[in-house]
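If you want the building blocks of each chain, they are given just below.
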Amino acid sequence: MTDTTRPPIRVLVAEDQSAVRAGLVLILGSAPDIEVVGEAADGERAVELARALRPDLVLMDVQMPRMDGVTATGLVVSEGLADVLVLTTFDLDEYVFGALRAGAAGFLLKNTEAKDLIGAVRTVARGEGLIAPAVTRRLIAEFAAPSRPARAAGGADPSVLAALTPRERQVLSALGDGLSNAEIAVRLDMAEATVKTHVSKVLGKLELRSRVQAAVLAQELGV
């Protein structure tokens, strides 16, 4: 059920394949609480439209001409223009890892069912960055593995955890397990609103752009 009293979720779709883009727009447009406000066929245009339209969310493909989705994600997030939900074929390549490091709020498989696509947009719009937890855990585990080049290039410093309270460390651990706010609330026996507050504090103290980054960090540090 959707809340019709709230304004629609404004989405910008960035995908270079016109047929795929048209399909995404059609699916999202069928939801009463989602409005597609723009379309981009490359990363450079996606950033331009994000600056002009200020959507709530950008649905971003990672491999696009002129500017790739990773670079575009970094610009959109760093400028505070919108949340970014990355589209991927899920081949666990560095494009996906780069997008998560750039601050993407989550990722979505290109073959996702229509209802799940709509649900994912709603999830990210609510601030729930980790979508499809089981798949996200697999992704996080893969990229947090010591053998990954990215790990070697920029290993996490355990000393950053000193800034967190014991409760915040528990929340970080739960994020690392790919849990949603509701699931964290159950695990730690606290109100969901309190979980949201703790997540915000964790991100702020660790200087992270998204809860997905927090989840990767938790896996890297073995929290």
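Fair warning: this is a prediction, and the values are worked out from it, not measured in the lab.

I'd love a proper account of the pattern of salt bridges, names of residues and values included.
For the coordinates displayed, the defined rule picks out nine salt bridges. Ionic pairing is found between Asp116 and Lys115, a salt bridge with its closest N-O pair at 3.3 Å. Judged by relative accessible area, Lys115 falls into the exposed class, the value being 64%. What emerges from the salt-bridge pattern is a single network uniting Asp42, Glu44 and Arg66.

Before we move on, can you summarise the confidence of the model for the chain with the specific residues and values?
The predicted model of the chain has a mean per-residue pLDDT of 82, with 83% of residues at 70 or higher. A low-confidence stretch, residues 148-154 stays under pLDDT 50, and its non-local contacts, those more than four residues away or across chains, total 11 contacts.

Any details on the sheet that holds strand β4 (residues 83-88)? Residues and values, ideally.
The sheet built from five strands is open, its strands ordered β2-β1-β3-β4-β5 with parallel pairing. For this open sheet the edge positions go to β2 (34-40) and β5 (106-109), each flanked by a neighbour on one side alone. On average, each strand axis in the sheet is inclined to that of its neighbour by 25°, with strand direction left out of account. In this sheet, β4 lies alongside strand β3 (residues 57-61) in parallel orientation, the contact comprising five bridges. Each residue of the ladder has a partner; that of Val58, found in β4, is Val84. Strands β1 (9-14), β2 and β3 of the sheet are contacted by helix α2 (residues 43-53), whose axis makes an angle of about 135° with β2.

So what about unusual backbone geometry? Which residues, and what values?
One non-glycine residue, Arg54, lies in the positive phi region at around 45°. Tracing the sequence through the fold places Arg54 in the loop between α2 and β3. Positive phi, close to 55°, is recorded for Asp189, a residue that is not glycine. Here Asp189 lies in the loop between α9 (181-188) and α10 (192-206).

Reading guide: rules and limits
- Residues numbered from 1 in each chain as written.
- Predicted model: local features only at pLDDT ≥ 70, side-chain atom pairs only at ≥ 80, totals over all residues.
- Heavy atoms only, no water.
- Salt bridge = Lys/Arg side-chain N within 4 Å of Asp/Glu carboxyl O.
- Buried < 20%, exposed > 50% of the residue type's maximum accessible area, 1.4 Å probe, protein only.
- pLDDT = per-residue confidence, 0-100.
- Contact = heavy atoms within 4.5 Å.
- Pairing = 2+ DSSP bridges.
- Helix = DSSP H or I, 4+ residues; strand = E, 2+ residues; numbered from the N terminus.
- Axes fitted to C-alpha atoms, helices over the stretch in contact; angles between N-to-C directions.

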